[in-house]
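Observations on chain architecture
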Amino acid sequence: MDLRTFEKTDKHSALNVMTSKWVLRWKFVDNVKIVKARLTVRGFQDLAAASLDTYAGTASRWSQRIVNSVVANHQWTIKTLDVGTAFLQGVTFAELAEMTGEPIREVSFVPPKGSEKYFQEFDPQLNFTKHVLRMLKPVYGLKDAPRCWRLRLDQALKATGGKALRCDPAVYVWHDKNGSLSTILSTHVDDLKGGGTPEVWQKVVKALETAFGKLKVQEKKFEHCGLLHEQREDSTIVIHQSHYSAQLRVIPLPDDDLKNPNKPLNDEQKSSFLTLLGGLSWLVQTRMDIAVYVAALQRQSATPTVECISRANKLVKWVKRKSAALTYRPMTGKLRIMVISDAAFKRENDHTGLAMRGAIVG
């Protein structure tokens, strides 16, 4: 109601009506465990869903690393910002139509059964035998909600002088009057990460809080996009996934299977293997030491054998035993770009050749 997301309209004039549900999840607020209830429409009932433009870019993984490097090199404090109820604060359907030339979306919903009384507290005249709630902006459950939020966030950041990078429009930079970089910020839906000079940073935060309400701000030690970030006293930034690798578990194998490494996996084993392989693949963001082994296992994912599980189990034991992280240190002195390239060729067990090439750019 406060964010003006919907209004009462006549049921007979509504053309695109959806039902809704409460999505409940546990959450800790000030160390107290509560249930968060989010009203979500059933977007699969949206008659226009198949024809919607839903693109809402987020910062790429390399952009996230560049932010770490830039913040460390300028010896700024790395911080993360979280916007609450972001999808309810996107552009309205009317604003979207004006910005894009698209027709105004007509979307309505009815509350979950038994919840009508909560809406009638705000409007005693509401009668859901005659009325539905017409959405003024996309809410949780609609496919174009991320896009509308992204457009609103882009407006807010550019209004403070931020400029989106051409190579990644989800990363914004601010420069002072001399052209020197003063702040950098990456965007991932409602999670933002960056750093800058105190003056410009506070200006950006104040503008965002004016537009979207109080932000949740963390600095120096936090989790962002699944990666733990820690900044030391010398401004060095370390990112790792030790909290995630600790949750991985090896897949138990019967003794009979261990004696037959080339035996194809049954459906249950294959499902477990692919799940574990997905977890190991996620770790490659910070675990360069396992990248080549994960790639080798991925090539076997279509027809995995018992040996694939054995190798995956070895990798799990390795990442649990040997911790690793990516470190971003302040760089001083004269810098230059350096490229190391290499190529390799190897025969695998089935006598097929595998050619690889790559480069390290520093």
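Check the entry above for the structure.
The sections below set out a description of the structure shown in this document. (Residues numbered from 1 in each chain as written. Predicted model: local features only at pLDDT ≥ 70, side-chain atom pairs only at ≥ 80, totals over all residues. Heavy atoms only, no water.)

**Here's the deal with the overall build of the protein**
The line we're drawing: Runs of E in the DSSP output that reach at least two residues are strands. Runs of H or I that reach at least four are helices, and both are numbered from the N terminus. Charge counting treats Lys and Arg as positive and Asp and Glu as negative, with His and both chain ends excluded. Charge coordinates come from a single atom per side chain, which is NZ of Lys, CZ of Arg, CG of Asp or CD of Glu.
Secondary structure assignment for the protein yields 10 helices and 18 strands. Viewed in the frame of its principal axes, the protein has a C-alpha envelope of about 75 × 60 × 45 Å. Side chains of the protein give 53 positive and 37 negative charges; the mean places of these two sets differ by 4 Å.

**Side note on the side chain of Asn16**
Note the cut-off: Only protein chains enter the accessibility calculation, which uses a 1.4 Å probe. A residue is then buried if its area is under 20% of the maximum for its type, exposed if over 50%, and partly exposed in between. The term polar contact refers here to a pair of N or O atoms within 3.5 Å; inside protein, the definition further demands a hydrogen-donor-capable atom paired with an acceptor-capable atom, and it admits residues adjacent in sequence only when both atoms are side-chain atoms. In this description, contact between two residues means that some pair of their heavy atoms is separated by no more than 4.5 Å.
Its place among the elements puts Asn16 in the loop between strand E1 (6-10) and strand E2 (17-18). On the basis of relative accessible area, Asn16 is assigned to the buried category, the value being 7%. Among the polar contacts listed, one links the side chain of Asn16 to the backbone nitrogen of Leu47, at a separation of 3.2 Å. If sequence neighbours within four positions are ignored, Asn16 has contacts with Gln45, Asp46, Leu47, Ala48, Arg105, Glu106, Val107 and Ser108.

**Here's the deal with the nonpolar core**
Stated formally: We define the nonpolar core as a collection of buried residues of types Ala, Val, Leu, Ile, Met, Phe, Trp, Tyr and Cys that are connected through side-chain atoms lying within 4.5 Å of one another.
Within the largest apolar cluster, 36 residues are counted, with the highest numbers of intra-cluster contacts made by Met135, Leu157 and Leu208. Sort the elements by how many residues they give to this core and helix H5 (residues 198-212) lands first, with six residues. Not counting the four nearest positions on each side in its chain, Leu157 is found in contact with Gly162, Tyr172, Trp174, Leu185, Thr187, Val204 and Leu208. Among the nonpolar cores identified, the runner-up in size contains 19 residues, and Phe273, Leu276, Val306 and Val316 belong to it.

**Points about the layout of surface pockets**
Definition in use: Put simply, the grid is 1 Å and covers the protein atoms alone, a cavity is a trapped set of points that fit a 1.4 Å probe, a pocket is an open set with protein on both sides within 12 Å along at least five of seven lines, and lining residues have an atom within 4 Å of a point. Grid points are joined across faces, edges and corners, and a volume is the space filled by probe spheres set on the points. All residues other than Ala, Val, Leu, Ile, Met, Phe, Trp, Tyr, Cys, Pro, Asp, Glu, Lys and Arg, Gly among them, are scored as polar; the first ten of these are nonpolar and the last four charged.
As a volume, the second largest pocket reaches approximately 580 Å³. Lining the second largest pocket are 19 residues, and of these Met1, Phe6, Trp22, Leu39 and Leu88 sit closest to its centre. If you list the elements that add at least two residues to the lining of the second largest pocket, you get strand E4 (32-41) and helix H3 (116-120). Partitioning the lining of the second largest pocket into residue classes produces 14 nonpolar, two polar and three charged.

**Points about the sheet that holds strand E15 (residues 237-240)**
Basically, it comes down to this: Here, strands pair whenever DSSP counts at least two bridges between them. Whenever a helix is involved, its axis is fitted only over the stretch in contact; in every case the axis is a line through C-alpha atoms, and angles between N-to-C directions fall within 0 to 180 degrees.
What the four strands build is an open sheet, ordered E13-E14-E15-E16; its pairing is antiparallel. Of all the strands in the sheet, the pair left with one neighbour each is strand E13 (221-224) and strand E16 (326-328). Averaged over neighbouring strand pairs, the angle between their axes works out to 20 degrees when direction is ignored. Of the strand pairs in this sheet, E15 and E16 are connected by three bridges, and their pairing is antiparallel. Following the sheet pairing, Val238 is matched in E16 by Thr327. Contacting E13, strand E14 (227-231), E15 and E16, helix H1 (residues 61-73) runs over the sheet at an angle of about 40 degrees to E16.

**Let's talk about helix H2 (residues 93-100)**
Formally: Directions pointing from the helix axis toward each C-beta atom define the arc.
If you check which residues of H2 are buried, you get Phe93, Leu96 and Ala97. For H2, the angular spread of the buried residues around the axis is 100 degrees, confining them to a single face. Tucked into the core, H2 has its buried residues touching strand E7 (131-135) and helix H4 (145-159). Among the residues trailing H2, Gly101 stands out with phi positive, at a value near 80 degrees.

**Re the packing of H4 against H5**
Just so we agree on the cut-off: Here the word oblique covers every angle except those under 35 degrees (roughly parallel), over 145 (roughly antiparallel) and from 65 to 115 (roughly perpendicular). The crossing is said to be left-handed when, going from far helix to near helix, the turn is anticlockwise and less than a right angle, and right-handed when the turn is clockwise.
The interhelical angle for the contact between H4 and H5, taken along N-to-C directions, is 135 degrees, at an axis separation of 10 Å. When the axis of H4 is compared with that of H5, the two are oblique. Crossing of H4 against H5: the hand is right-handed. Here H4 contributes Trp149, Arg152, Leu153, Ala156 and Leu157 to the contact with H5, which in turn contributes Val204, Leu208 and Phe212.

**Regarding the sheet that holds E1**
Strands sit in the order E1-E7-E6-E2 across an open sheet of four strands; the sheet is mixed. In the strand order of this sheet, the two ends are held by E1 and E2, each with one partner. Alignment of strand E6 (residues 108-109) against E7, held across two bridges, turns out to be antiparallel. The residue bridging Phe109 from the neighbouring strand is Leu133, located in E7.

**A word on the pairing of strand E10 (residues 181-188)**
When you tally the buried positions in E10, you get six out of eight residues, the bulk of the element. Pairing between strand E9 (residues 171-175) and E10: five bridges, direction antiparallel. In the strand pairing of E10, Trp174 is matched with Thr183. In this sheet, strand E11 (residues 191-196) lies alongside E10 in antiparallel orientation, the contact comprising six bridges.

**Focus on the environment of Thr92**
Position of Thr92 among the secondary structure elements: in the loop between strand E5 (79-82) and H2. Residues contacting Thr92, with those up to four places away along its chain left out, are Leu136, Lys137 and Arg152.

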